[in-house]
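Structural features, examined
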Amino acid sequence: MSTALLDAVLHPPARLQIAAVLANVTEAEFARLREITQVSDSVLSKHLAALAEAGYVRLRKGPLDGRQRTWAAFTGKGQKAFAGHMAALRALVESAEQAVAAE
Amino acid sequence: MPTPMMNSDDARDALAAVDRTRADLASLGLCPPWRHGAFGLVMGMVVLGQGVHAPWMWWLFGASLAGAVVIALHDRRKYGVFVNGYRRGRTRIVALGLVAAMFVAMALEVWLREIGEPLVLRLALAAVFGGVAIWFSVVWNRTFRREMLDHAA
């Protein structure tokens, strides 16, 4: 079992999904993130707050169709953390595959 | 916060979830044809603006700016995301290619205007560039989609 470079903030599956979206778009709206993560509004709010508190995500309110919506964007710190977390996940899988191959 | 513990099966599941999310995002690369056309129209207006004198130059500048805003609002409303054309990744080279082509077309428009070529020729150049911009828009979307799906493969 390896723990190298895994990021505790990005560890929960919903946060990893949010990060995967934000790593590929400039900004994502709350409803879109809820649709992708398939969690409730309150759970998504908590995940976004945790990501914002860690400095990984920037949140802003903006009008769309006459309603205020929440938009989330990755910060540079978030991008870097996500890249590191993904590298750690791949390293875990690769080391397991190498161990199996060596048997 | 303590570093989480994870075994290789959990890691594989996490990577698969990320791949599924990217595959979801690939649908953003499925723009309707009119969206490409609208982009081409806006870019054509930007170029034509260099081939005419004030006040038409300013009218075209305003119209192209308004068009860009309408397209961005449409994307935000329809997809719930905004993707900067210059984002990091394989699409950046496509975006830079479009910018280079736009500067060439703009310089040609200025030249045609300065040597007094008829308006119809300047309109034709803007129309051709609009077509080029449509092609770039299609290529950009295909490249984005492929990038998302390649990760998910």
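Residues numbered from 1 in each chain as written. Chains lettered and ligands numbered in written order. Predicted model: local features only at pLDDT ≥ 70, side-chain atom pairs only at ≥ 80, totals over all residues.

1. Here's the deal with the overall build of chain B
- When its secondary structure is counted, chain B shows five helices and one strand.
- Moving toward the C terminus, one meets the helices and strands of chain B in the order α-α-α-β-α-α.
- In terms of C-alpha radius of gyration, chain B reaches 20 Å, well past the compact-globule figure of 15 Å for 153 residues.
- Counting all 153 residues of chain B, 28% fall into the buried class.
- Contacts in chain B between residues far apart in sequence, at least 24 positions, make up 77% of those at least 6 positions apart. (Helix = DSSP H or I, 4+ residues; strand = E, 2+ residues; numbered from the N terminus. Rg over C-alpha atoms; globule rule 2.2 N^0.38 Å. Buried ≥ 20, exposed ≤ 12 C-beta atoms within 10 Å, placed from the backbone. Contact = placed C-beta atoms within 7 Å.)

2. Concerning the overall build of chain A
- Looking only at helices and strands, chain A has four helices and three strands in total.
- Counting helices and strands in the order they occur from the N terminus, chain A gives α-β-α-α-β-β-α.
- Over its C-alpha atoms, taken along the principal directions, chain A stretches across nearly 60 × 25 × 20 Å.
- Within the span of chain A, comprising 103 residues, buried residues form 37% of the whole.
- For chain A, long-range pairs separated by at least 24 residues make up 56% of all intrachain contacts whose partners lie at least 6 apart in sequence.

3. Section: the packing of helix 1 (residues 13–22) of chain A against helix 3 (residues 41–53) of chain A
Residue and element names in this part refer to chain A.
- As a packed pair, helix 1 and helix 3 sit with axes 10 Å apart at the nearest point and diverge in direction by 70 degrees. On the basis of the axis angle, helix 1 is roughly perpendicular to helix 3. Like other packed secondary-structure pairs, helix 1 and helix 3 cross with a definite hand, here right-handed. In this structure, helix 1 uses Ala14, Arg15 and Ile18 to contact helix 3, whose residues at the interface are His47, Ala50 and Leu51.
- Taken together, the residues of the contact of helix 1 with helix 3 break down into four nonpolar, one polar and one charged. (Axes fitted to C-alpha atoms, helices over the stretch in contact; angles between N-to-C directions. Parallel < 35°, antiparallel > 145°, perpendicular 65-115°, else oblique. Left-handed = near helix turned anticlockwise from the far one by under 90°. Nonpolar A, V, L, I, M, F, W, Y, C, P; charged D, E, K, R; others polar.)

4. Focus: the nonpolar core
- Within the largest apolar cluster, 56 residues are counted, with the highest numbers of intra-cluster contacts made by Ala19, Val21, Leu22 and Ala28 of chain A together with Phe129 and Ala133 of chain B.
- For this core, the leading source of residues is helix 5 (residues 119–152) of chain B, giving 10 residues. (Core = buried A, V, L, I, M, F, W, Y, C linked by C-beta atoms within 7 Å.)

5. So, the interface of chain A and chain B
- On the chain B side, the residues contacting the 27 residues of chain A number 27 residues.
- If you list the elements that add at least two residues to the side of chain A that touches chain B, you get helix 1, strand 1 (27–29), helix 2 (30–37) and helix 4 (76–102) of chain A.
- Residue composition of the side of chain A that touches chain B, grouped by class: 17 nonpolar, five polar and five charged.

6. Here's the deal with the confidence of the model for chain A
- Per-residue pLDDT for chain A has a mean of 91; in total, 96% of the residues score no lower than 70.
- No element of chain A has a lower mean pLDDT than helix 4 of chain A, at 90, and none a higher one than helix 3 of chain A, at 97. (pLDDT = per-residue confidence, 0-100.)

7. Regarding the confidence of the model for chain B
- Chain-level pLDDT for chain B is 92 on average; 95% of the residues reach the 70-or-more range.
- Here the prediction assigns the complex a pTM of 0.87, and the interface score ipTM is 0.88.

8. Points about the environment of Asp65 of chain A
Residue and element names in this part refer to chain A.
- Secondary-structure assignment places Asp65 in the loop between strand 2 (57–64) and strand 3 (67–74).
- Using a count of 8 C-beta atoms within 10 Å as the deciding quantity, one classes Asp65 as exposed.
- Spatially, the C-alpha atoms of Asp65 and Val25 are 21 Å apart, while their sequence positions differ by 40 residues.

9. Some thoughts on the packing of helix 1 of chain A against helix 1 (residues 8–25) of chain B
- With their axes 9 Å apart at the nearest point, helix 1 of chain A and helix 1 of chain B run at an angle of 40 degrees to one another. The orientation of helix 1 of chain A relative to helix 1 of chain B falls into the category oblique. Both helix 1 of chain A and helix 1 of chain B take part in a crossing whose hand is right-handed. Facing Pro13, Leu16, Gln17, Ala20 and Val21 of chain A of helix 1 of chain A, the residues of helix 1 of chain B in contact are Ala14, Ala17, Val18, Thr21, Arg22 and Leu25 of chain B.
- For the contact of helix 1 of chain A with helix 1 of chain B, a count of residues per class yields eight nonpolar, two polar and one charged.

10. A word on the pairing of strand 3 of chain A
Residue and element names in this part refer to chain A.
- Sheet analysis places strand 1 next to strand 3, joined by two bridges and oriented antiparallel. Paired with Ala28 across the strands is Ala72, a residue of strand 3.
- Sheet analysis places strand 2 next to strand 3, joined by eight bridges and oriented antiparallel. Residue pairing in the sheet places Leu59 in a bridge with Ala72 of strand 3. (Pairing = 2+ DSSP bridges.)

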